[in-house]
Amino acid sequence: MGHARVPRGTKAKRRRQQKLADSTSTLERLVTRLNAFAPRGEPPLTSSREREAREVERILESLPRRLEYWKLPRGVVDRFNRLARKAPVILFLSDGTEFRGVPMIGYLNGNGLVLGALWDALQHPHIKRVKRCSRCQKWFVDRTRNNGAKRCSLACTWRWWNRTRRRNRRSKRQRH
Ligand SMILES: [Zn+2]
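Keep in mind the model is a prediction, meaning the values are calculated, not measured.

Participant: I'd like a description of the overall build of the chain, backed by residues and values.
Facilitator: Secondary structure assignment for the chain yields 6 helices and 4 strands. N-terminal to C-terminal, the α/β element order of the chain is α-α-α-α-β-β-α-β-β-α. In the chain, which comprises 176 residues, the share counted as buried stands at 18%. At a minimum sequence separation of 6, the contacts of the chain that also span at least 24 residues come to 47%.

Participant: I'd like to hear about the pairing of strand 2 (residues 100–107), residue by residue, with values.
Facilitator: Along a regular strand, successive side chains alternate from one face of the sheet to the other. Little of strand 2 is tucked away: 0 of the 8 residues are buried. One ladder, built from 6 bridges, connects strand 1 (residues 89–95) with strand 2; its direction is antiparallel. Paired with F92 across the strands is M104, a residue of strand 2.

Participant: Run through helix 5 (residues 111–121), naming residues and quoting values.
Facilitator: Of the residues making up helix 5, those classed as buried are N111, G112, V114, L115, A117, L118 and A121. Tucked into the core, helix 5 has its buried residues touching helix 2 (25–37), helix 3 (48–61), helix 4 (74–85), strand 1, strand 2 and strand 3 (130–132).

Participant: Tell me about unusual backbone geometry, residues and numbers included.
Facilitator: Within the chain, Q137 stands out as a residue other than glycine whose phi angle is a positive 70 degrees. One can find Q137 in the loop between strand 3 and strand 4 (139–141). Residue classification places Q137 among the partly exposed positions, given that 15 C-beta atoms sit within 10 Å. For N147, which is not a glycine, the phi torsion comes out positive at approximately 55 degrees. Tracing the backbone through its elements, the reader meets N147 in the loop between strand 4 and helix 6 (154–175).

Conventions we followed
Residues numbered from 1 in each chain as written. Predicted model: local features only at pLDDT ≥ 70, side-chain atom pairs only at ≥ 80, totals over all residues. Helix = DSSP H or I, 4+ residues; strand = E, 2+ residues; numbered from the N terminus. Buried ≥ 20, exposed ≤ 12 C-beta atoms within 10 Å, placed from the backbone. Contact = placed C-beta atoms within 7 Å. Pairing = 2+ DSSP bridges.

This is the structure we're talking about:
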């Protein structure tokens, strides 16, 4: 008698998800900063950092469905470079007791944080996995095999599904 085995499919799936997670940390960083700097359902934007985050969102939303390397649409490039001029960076080497000499990039203001994350992510082959949830409007990284997710979480899918079902039931009732 051997010990209970995890079904192979599940294990493989977990492994695949782990691999994807390792490779998408760049995209996660972008998503985290966007959600932090441009939160949903907030009162009108006041800080320039929030405005900057909205600009980055617009860039992401204007990326073509099929993205070719080094062939970004000119409009995207112009928009990015316009923002970049307002968010200068500093190159430096870390100077701690434990880690000394690690190449780092510093930002003169908070605006650069989101833009820097986008700069990194634009070179990532899976940038098109960065999406906005159609239910709660938060950004997320799509980890499904076919890159077909529309919502950020199971919770959002349930909420969406219940609402759709309610609506269908209502319209059915009206027809009778
Ligand atoms: Zn959501």
